[in-house]
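Inside the fold
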Amino acid sequence: MFREKHVLPDLSIGQRDPDDWEIGRLRTVDYLLDTRVLTYEPTLSLLAVGTADGLIYVVGGPGVESSVQTPEGSPVKILQLAASTDRLLSVDERDRLHIWNLKDLTEPPKSTRFDHAINAVMLSPSHTHVFLALQSGEIRTYDLLCLKKSPYVIPNLWNMFQTKIASSVVDPLHALPGVLILDLSTIPVDLVAHPRDLNLIFVAFGGGVVLYDLSSRNILRAYELVIPAGAPGGGGYHQSEVLTHRRPSVTSVAIHPAGHFFAVGYADGCVAFWAVEDEDQPLMVRTSTELDVNVINGEELEKFLQNGGPSEEKGTNSAERQPIYRVAWCGFPNSSDPRGGATALVFLGGDRTDDPCRLTVYTMPALDSPEPPAPSGSKTGLHASIRNAMRLSVIPLETTYYPSSGPVYDFVVFPKASPHFSGCWDPVALLFLTAASPDSRMVEARQFLPPKITFPLPEADAQNSSEYGDVIHDLPTTLEDMTLSGVEPPPIHVPSKLYSGLGGVSYAQLLTLQRGVYDVLVGQQPVLGDADLPVVGGSAWIDDKRLSELRLSRSHPRRILITCHRDSTVRFYDASPQLLISSSTSPLQKHYPFAIHDLTIDLSCLPLSSAPEVATVQVAPESLECIVLLKSGDLLVYRLNATQVDPPIEIEGNTEFVLLRNVALRPGTRYHPFLMLPRGNVSLTCCALSDIGFIGVGYIDGSVAVIDLRGPSLLRPQRQKRQSKLLVRNQDRDPVVSLTWTVSAVSMDAQLAVRLIAIHESGNTQVFKIIRDPESSMYDFAHDVTRIEGLPNVLQGGSFVIDSQKGTTWHADRSRFAAALQTGDSNPARCFWVTASARGARCMLDISGEKISKVEWNSKKNKVGHVQVIEKNNSHVLVAFNDKPEAMVYSLPYLEHLHTFSLAKVCENVVSVDETGDFIALMRHDSGVLEQIVFGTLFKTRRVYDHPIVDLTSFHREIPPYPQPVSVGPPSLLGSWFRYGKPVMTGEQLDALLAGPDRPIPPPDHMQTSQDTTATYGPGVMKTMENARDGVYNRLNDALAERGCMLGNIEQRIDSLQQGSKDMVTQAKRLATEQTARRWFGF
């Protein structure tokens, strides 16, 4: 067949002009591998992330991403978002305060230095000041509206407290020498506002906690924990300091939502609960396993004394307890009682060093204290009944553990909407920063499980002291009765930018789909799913000037980004350019790329002998079946659960593959495991997936097999079924390096048929024909095998069967398969076969026919790693990508060198290219995970992938009023008519107090509504407009002052009229009384 010499048409005419090519970068996807701090603001619904490189990323709703960098790239230490002034605050490692305007992050930040290091900051949406706790112990204030330091300064309160104690009470503990201890005790570690009174703040020092009144500048109370000699404390009876008094250092503080008691974490691993009105004794001191560790346990102390102190043997049996690094107290709208219902205490640390890495959440009962009796005599302080009720409300009803992938550095409570209660009201998620590997940190998130309101709450009847004693003093029974939650909080998807560590991306590739197949795969995805973080702040859109070009992307093919992660998952993202179609009146509706979470493949749930590591992933572009080849040699087959498929038929005697039927999957998962071809005595080297139900696999010994998914069944060529070395040709025993499915004829067989091209490492190639048995309707290998001497070391994905007339690639798809079933066609179209290796390429007619052309790459110094046939305007070329990086273009079918384009300004190495010329390149971190994915193209003309215009403040929830104080007792009729306590300070009053009487009028916000105002009018006109605005501003100030004088005069006149009216009313009442009296007496 085909003996005559043929002249094939040039398929590359339309791509010979270099001006038709424009190499460029479309988009980048960056991953933050060195995250150091997180913060979330519910009013703006923005999440901010700070890194060790000084980068700060602000993430919001669809397409809302902005970044700034600290001066000199100093690492970020503290990060906050101020909703009251739309500011972004950062404290770097050099202890400089930087403030950005969220309305325009391109403006340089306002930077301020203080005399000492900044240990903690405190913000509130109810006022416009920030409190800063300095290393010296001072609390400084900064005006976020005027961007200047405020005169209000709080001195070192713990020094003041110690001075007062030392002058009034002889306390040997306070008189102990040791500068280090005293210095540590006077260093502030945390700042927390009272949840129901802006006038009160809690300042946590190393030595204790101080409750401070801002308006009176007075220390109301100081709470210092003293573990008496003989009490176990956080370290238990395995420490040498048991027989001494101890003052553990404070690490964190959290206030109960009612505001009447609070929790304090300490460095020895214990948590103390204090009543606000009682600074003498805590309500309870506990560890994660024991209650009342500040009370002497006689039996344990006697054992300690009998053993002569802590023994090494006993010490080795008990691991050291970690400090309490941080605590947070969460409230919920689960009760009509003003004091609230059940709460949740979240704390980091306190576990033994050999415990698993996790966060611990205690579900606390509601405060149910009785009405306090009237005070009698001179007795003051907290009443015993209220104290008992508070103590009962800090004994957990349930314990929930939030597991993590590694040691947890910090956590962020993610509230639903309210910014009050330190951001801990009605949380929906917990974000924690973990060290999954030594070289990077990752952000994990889990859904916050709200307290169950069906818990039987402990009785707090102060009259029944025996019942109280049963609960409190029988501590072992109480601990046993604490319900351990059996439900693990489900994970929540974090923004893909935060994937690092175990969740880091190890590989990525690009998949192009037709519109109908894309609709089946992606489906109707919600913008924000139930398992997504509800970050919806801001808005983003592509510049309206490019809207006409942007609309052209509607005709572009749909693309899917496939990523492999270190946590044994394969994830899918919609990277179609249609997602970017937007305008200022119709912002972006989805992130780009958009994560399709219900397609995620989790390999960890499969019965594998070792931890899975992905070698390659393939998805059929029509049938959407997916195969995953692991580095261990196991091959996994997944099917999309979009339509009902027939259940697999169990074949008797099958020992070569395993049907995966009853694998527990995450609810909603659409890719279901179908079968697994486990690694046998011979390792797999490559695989190939077709759209017609066949999967080809190649082995290291040169053998080939086909999985027929119709059965399923495993097919082997006739010569391999007996597995006899005598029947295997030596030239076929080297590893198979490339497999290609096609439906075509070959030069020695004119029949159109399904064929599998297997290329060995040596270049020897076998072309297998798949035939159907007309009796059994089963498929099998044909006896005849076509053998070809091809190129050695062919690249994976470097084999193409191409139509000689149209230039289209002949895949084993449904249309080609249907053509093969029409046996009447005796004169099929002709094709040529292109193979490429690291050294060059070869083209052959009809796969096994005459050699058409051969070429060695133009650049011999640089290794070619990827090749692709590119189609543009019905013209086709072969493009080879080397590691210089360059793109070398060759014609088809004669492989003439046409162009060489440098990719140095676009990317480093190309790993995946589609047939339109779009590609992705990867940039790896030293740890092996990806830190950037680059979307590039060979044809950038009229392609709009611009980063959108972002407005971070377009979404702004209304800031609710600051919560009002509530009574510690139950609500009453009187309490419903009269507000509890004295009037509390407002945010405006607090700003006036902190800023002082000389607070300047804040400058107007010069934020433009359109970003191109300067470009439109020019800088000169802009300066004139700014001067005019300043003049108008000055005139407005003068007018306001004049208006104030006029209002003062009007107020005086109104007062005079009001007094006259009162006199008239009084006189009218007197006359009416006189007239009534006259009628009574008959006058």
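The notes below deal with the structure included here.

We now examine the overall build of the protein chain. Looking only at helices and strands, the protein chain features 14 helices and 61 strands. Taken across its 1083 residues, the protein chain has 53% of its residues classed as buried. Long-range pairs, those at least 24 residues apart, make up 61% of the contacts in the protein chain with a sequence separation of at least 6. When the accessible surface of the protein chain is totalled, it reaches about 50300 Å², and 52% of it is carbon and sulfur.

So, about the packing of aromatic side chains. Each aromatic ring pair is summarised here by two numbers: the centre-to-centre distance and the angle between the ring planes. Enumeration over the complete set of coordinates arrives at 24 aromatic pairs. With a centroid separation of 6.2 Å and an interplanar angle of 50 degrees, the aromatic rings of tyrosine 592 and phenylalanine 935 are classed as tilted. Separated by 343 residues along the polypeptide, tyrosine 592 in the loop between strand 33 (569-574) and strand 34 (594-595) and phenylalanine 935 in strand 60 (residues 930-937) bring together distant segments of the chain. Since its relative accessible area comes to 5%, phenylalanine 935 is described here as buried. One aromatic cluster is present, built from ring pairs that chain together Phe202, Tyr223, Phe262 and Trp274. Across the ring face of tyrosine 401, the terminal group of arginine 358 is positioned such that the distance to the ring centre comes to 3.9 Å. We note arginine 441 situated over the ring of tyrosine 409; from NZ or CZ to the ring centre the distance is 3.6 Å.

The antiparallel open sheet is built from five strands, whose spatial order is 36-37-38-40-39. Edge positions in the sheet fall to strand 36 (614-619) and strand 39 (658-659), since each of these pairs with one other strand and no more. Bridging between strand 38 (residues 635-640) and strand 40 (residues 671-677) involves six bridges; their strand directions are antiparallel. Within strand 40, the position partnered with arginine 639 by the bridge is histidine 672.

A separate point is the nonpolar core. Leu431, Leu533, Leu561, Ile920, Ile933 and Phe935 are the most contacted members of the largest nonpolar core, which has 46 residues in total. Once residues lying within four places of it in the same chain are set aside, the contact partners of leucine 431 are Leu38, Leu47, Asp410, Phe411, Val412, Phe414, Val443, Glu444, Ala445 and Leu533. By size, the runner-up hydrophobic cluster in this structure holds 31 residues, among which are Leu513, Ile601, Tyr638 and Tyr671.

What follows covers the sheet that holds strand 13 (residues 148-154). Strand order in this open sheet of four strands is 10-11-12-13, and the pairing throughout is antiparallel. Pairing within the sheet leaves two strands with one partner each, and these edge strands are strand 10 (118-122) and strand 13. Neighbouring strand axes in the sheet, compared pairwise and without regard to direction, differ in orientation by 30 degrees on average. In the sheet, strand 11 (residues 129-134) pairs with strand 12 (residues 139-143) via five bridges, with the strands oriented antiparallel. From the neighbouring strand, valine 130 faces strand 12, where its bridge partner is tyrosine 142.

Okay, the side chain of aspartate 691 next. Residue placement: aspartate 691 occurs in the loop between strand 41 (684-689) and strand 42 (694-699). An unpaired buried charge is present at aspartate 691: no salt bridge exists, and arginine 814, the closest side chain of opposite charge, is 5.8 Å distant. Within the structure, aspartate 691 has its side chain in polar contact with the backbone nitrogen of serine 623 (distance 2.8 Å).

A few words now on the pattern of salt bridges. Taken as a whole, this structure holds 33 salt bridges when the rule is applied. The shortest N-O distance in the salt bridge between aspartate 918 and arginine 559 comes to 3.0 Å. A residue pair is termed long-range when its members are at least 10 positions apart, and aspartate 918 in strand 59 (residues 918-924) and arginine 559 in strand 32 (residues 558-565) qualify at 359 residues. This pair shows no difference in class: aspartate 918 is buried, exactly as arginine 559 is. Residues glutamate 613 and lysine 631 are paired through a salt bridge, measuring 3.8 Å at the closest nitrogen-oxygen approach. Placement of glutamate 613 in the loop between strand 35 (601-602) and strand 36 and of lysine 631 in the loop between strand 37 (626-630) and strand 38 is noted, with a sequence separation of 18 residues between them. Three or more residues joined by partner-sharing salt bridges are found here, namely Glu72, Asp92, Arg94 and Arg96.

Cis geometry marks the peptide bond from tyrosine 592 to proline 593; its omega dihedral reads -10 degrees. With respect to the helices and strands, proline 593 occurs in the loop between strand 33 and strand 34. The omega torsion of the bond from leucine 892 to proline 893 falls at 5 degrees, within 30 degrees of zero and hence cis. Mapped onto the secondary structure, proline 893 falls in the loop between strand 56 (886-891) and strand 57 (897-902). Phi at aspartate 426 is positive, roughly 55 degrees, even though this residue is not glycine. Its location among the elements puts aspartate 426 in the loop between strand 26 (408-415) and strand 27 (427-437).

Each value, and the rule that gives it
Residues numbered from 1 in each chain as written. Predicted model: local features only at pLDDT ≥ 70, side-chain atom pairs only at ≥ 80, totals over all residues. Heavy atoms only, no water. Helix = DSSP H or I, 4+ residues; strand = E, 2+ residues; numbered from the N terminus. Buried < 20%, exposed > 50% of the residue type's maximum accessible area, 1.4 Å probe, protein only. Contact = heavy atoms within 4.5 Å. Areas by Shrake-Rupley, 256 points an atom, 1.4 Å probe, with all protein chains shown as cover. Phe/Tyr/Trp six-rings, centres within 6.5 Å; stacked < 30°, edge-to-face > 60°. Lys NZ or Arg CZ within 6 Å of the ring centre and 35° of its normal. Pairing = 2+ DSSP bridges. Core = buried A, V, L, I, M, F, W, Y, C linked by side-chain atoms within 4.5 Å. Axes fitted to C-alpha atoms, helices over the stretch in contact; angles between N-to-C directions. Lys, Arg positive; Asp, Glu negative; His and termini not counted. Salt bridge = Lys/Arg side-chain N within 4 Å of Asp/Glu carboxyl O. Polar contact = N/O pair within 3.5 Å; in protein donor to acceptor, adjacent residues only side chain to side chain.

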